[in-house]
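The lines below spell out each chain.
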Amino acid sequence: MAAIGPDIGQASISRVEEGGSNQQFALIALTSLFFMWGFITCLNDILIPHLKGVFDLSYTQAMLVQFCFFGAYFLVSLPAGKLVERVGYQNGIVIGLGIAVIGCVLFVPAARIQVYSLFLFALFVLAAGITVLQVSANPYVTALGAEETAASRLTLTQAFNSLGTTVAPFFGTALILSVAGVAASDMSGVEGASAVELPYMILAATLAVLAFTFRFLKLPKIESHMGADQAVEKVGRWEALKHRHLTLGVVAIFLYVGAEVSIGSFLVNFLSESNIAGITEHEAGFYVSLFWGGAMVGRFIGAGVMQYVSAGKVLAVCSIGAVILLLLTIFSSGQLAMWSVLSIGLCNSVMFPAIFSLALARLGPLTSQGSGFLCLAIVGGALVPLAQGALADGIGIQMAFALPIACYVYILYYGLKGHFVREA
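Residues numbered from 1 in each chain as written. Predicted model: local features only at pLDDT ≥ 70, side-chain atom pairs only at ≥ 80, totals over all residues. Heavy atoms only, no water.

Undergrad: Could you clarify how one ought to interpret the pattern of salt bridges in this entry?
TA: Proximity of charged atoms lets side chains of opposite charge pair with each other. Evaluation of the coordinates by the stated rule reveals two salt bridges. Residue Glu197 is joined to Arg112 by a salt bridge in which the shortest nitrogen-to-oxygen separation is 2.9 Å. Placement of Glu197 in helix H9 (residues 197-216) and of Arg112 in helix H5 (residues 107-113) is noted, with a sequence separation of 85 residues between them. The exposure class of Glu197 is buried, given its relative accessible area of 14%. (Salt bridge = Lys/Arg side-chain N within 4 Å of Asp/Glu carboxyl O. Helix = DSSP H or I, 4+ residues; strand = E, 2+ residues; numbered from the N terminus. Buried < 20%, exposed > 50% of the residue type's maximum accessible area, 1.4 Å probe, protein only.)

Rendered as structure tokens:
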């Protein structure tokens, strides 16, 4: 029988219970990071249809954008966790921002040479920097206060992540997809590839300013009670996975990120289908903001709701909503299918912070290690869209949305039962 187990040793990071003004200042500063990596991640939804047209790619080939971007999480998360253990959360943030700047700058030679593989490499480097930010910032936010309100706090900062994902499609559509709208026949030339230079150079400059700012900010110190490094060394680098709720949470993060990224990645092409909305890619790009805007609104609401309702119950309700909307997306057409798929963003809103906080509950000195495994699972954003791309090539883009349904069914199980902490 599932039961809430006892605390497993001392927490690996001490919670900052005093100095409310310092906590608030730290949370405000961290929201800028959540905004930026949400912005960068969502920009892929605009980049995919653009590069698909420029290089005449299949859906499977186009989804290599997400494969390389989220594949970085799989390769970089564990090393990033070790890095953050050594240099601390604040220095980890600065390093992550610096790597992301390099990734943005690499888009310039990729556009000049016009080689698809170079775009993919630039995305990988950019995502490596974002991974370091994720490993640093997510557990930092959960530590800035009481454990009972960690899900609410993380949901609030994730709301600003969703603000970034809401704004990015407008930015990307205006500066990237506008090329397709003006001269679709010329998209395969230098003009089409070079459309990415300006937006990513703007991002590079913004990230560089943030790196400089965080280098000199005075954020609250979150010290180890007993030396997280030494504690983890004693029990082993894979010890956290012995906790069932974390292991199941890793799978839930994998499927959630995979489902959300898959849906977002196909929105522009799906809405362009004649039996759905029949609009141009340029017009469809603006509708992507509604999908991510729903996630933003839901996270602001969820930050308040989860102070009174358990994260598991909220997660279950949102999963059921996502399944219903996906069924409507698959088996309807026109406006109903269009608004059903766009509404899924509202259901996605609280899933990541809810799963993340539930999976890290009562891990004690293994919290940092657990965070690394959860960020590792974000590789779902690489593999699930690739699988859905193969389905879209085989059975059509609309029927391919059956894959995210399976993902949300598992998340429903995690919200109802899988997250409970069992006795060791």
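Undergrad: It is not clear to me how the packing of helix H11 (residues 244-271) against helix H18 (residues 402-418) should be interpreted in this structure. Could you clarify?
TA: Two quantities define a packed helix pair, namely the angle between the helix axes and the distance between the axes. Between H11 and H18, the least distance of the axes is 9 Å, while the angle of their chain directions is 150°. Where H11 crosses over H18, the two elements pack in a sense that is left-handed. Contacts between H11 and H18 involve Arg244, His245, Leu248, Gly249, Val251, Ala252, Leu255, Tyr256, Ala259, Glu260 and Ile263 on the former and, on the latter, Pro404, Cys407, Tyr408, Tyr410, Ile411, Tyr413, Tyr414 and Gly418. For the contact of H11 with H18, the class distribution of residues is 14 nonpolar, three polar and two charged. (Axes fitted to C-alpha atoms, helices over the stretch in contact; angles between N-to-C directions. Left-handed = near helix turned anticlockwise from the far one by under 90°. Contact = heavy atoms within 4.5 Å. Nonpolar A, V, L, I, M, F, W, Y, C, P; charged D, E, K, R; others polar.)

Undergrad: Looking at this model, I keep getting lost on the packing of helix H13 (residues 311-331) against H18. Mind explaining?
TA: It is the contact of H13 with H18, at a shortest axis distance of 8 Å, that shows an interaxial angle of 160°. With respect to each other, H13 and H18 are oriented roughly antiparallel. In this structure, H13 crosses over H18, and the sense of that crossing is left-handed. Across the interface between the two elements, Gly312, Lys313, Leu315, Ala316, Ser319, Ile320, Ala322, Val323, Leu326, Leu327 and Ile330 of H13 pack against Ala402, Pro404, Ile405, Tyr408, Val409, Ile411, Leu412, Tyr414, Gly415 and Leu416 of H18. Here the residues of the contact of H13 with H18 are counted per class, giving 17 nonpolar, three polar and one charged. (Parallel < 35°, antiparallel > 145°, perpendicular 65-115°, else oblique.)

Undergrad: Looking at this structure, how should I read the state of the cysteines?
TA: Formally, a disulfide is one covalent bond, and it connects the sulfur atom of one cysteine to the sulfur atom of another. Inspection of the entire model under this criterion finds zero disulfides. Cysteine Cys347 shares no disulfide, and the gap to the nearest cysteine sulfur, in Cys318, comes to 5.9 Å. (Disulfide = S-S within 2.5 Å.)

Undergrad: Whenever I open this one, a nonpolar patch on the surface confuses me. Can you help?
TA: Taken together, the side chains of Val297, Ile301, Val305, Tyr308, Val309 and Leu346 define a hydrophobic patch exposed on the protein surface, amounting to about 570 Å² of accessible area. Looking at the nonpolar patch, the element that brings in the most residues is helix H12 (residues 281-305), giving three residues. In this structure, Tyr308 sits in the loop between H12 and H13. Since its relative accessible area comes to 73%, Tyr308 is described here as exposed. (Patch = residues over 30% accessible without salt bridge, like charges linked within 9 Å, V, L, I, M, F, W, Y side chains within 5 Å. Areas by Shrake-Rupley, 256 points an atom, 1.4 Å probe, with all protein chains shown as cover.)

Undergrad: Any chance you could explain the confidence of the model for the chain here in plain terms?
TA: Residues shown with low pLDDT carry predicted positions that ought not to be read at fine detail. Here the chain averages 83 in pLDDT, and 84% of its residues register 70 or above. pLDDT under 50 marks residues 182-189. Its contacts with residues more than four places away, or in other chains, come to twelve contacts. (pLDDT = per-residue confidence, 0-100.)

Undergrad: Just checking my understanding: could you explain the packing of aromatic side chains for this structure?
TA: Any aromatic ring pair is given by two values, namely how distant the centres are and how the planes are angled relative to each other. According to the stated counting rule, one finds 20 aromatic pairs in the structure shown. Their ring planes at 40° and their centres at 4.5 Å tell us that Phe34 and Trp37 sit as a pair that is tilted. In this pair, Phe34 and Trp37 both sit in helix H1 (residues 20-54), three residues apart, roughly one turn of the helix. For the pair shown, Phe34 and Trp37 are each scored as buried. (Phe/Tyr/Trp six-rings, centres within 6.5 Å; stacked < 30°, edge-to-face > 60°.)

Undergrad: Just checking my understanding: could you explain empty space enclosed by the protein for this structure?
TA: Once rolled over the atoms, a probe with the size of a water molecule shows which space is left empty. All told, the structure shown has two cavities of 30 Å³ or more when counted by the stated rule. Approximately 250 Å³ is the volume attributed to the largest cavity. Together, 17 residues line the largest cavity, and Trp37, Thr41, Gln134, Asn161 and Glu260 are the ones closest to its centre. Looking at the lining of the largest cavity, the element that brings in the most residues is H11, giving four residues. Grouping the constituent residues of the lining of the largest cavity by class yields nine nonpolar, six polar and two charged. Its boundaries defined by the atoms lining it, the second largest cavity holds a volume of some 30 Å³. Lining the second largest cavity, in full, are Thr41, Cys42, Asp45, Gln66, Phe70, Val261 and Trp292. When contributions to the lining of the second largest cavity are tallied by element, the ones reaching two or more residues are H1 and helix H3 (64-87). The element best represented in the lining of the second largest cavity is H1, accounting for three residues. (1 Å grid on protein atoms, 1.4 Å probe; cavity = no way out; pocket = protein on both sides within 12 Å on 5 of 7 lines; lining within 4 Å. Points joined across faces, edges and corners; volume = space filled by probe spheres on them.)

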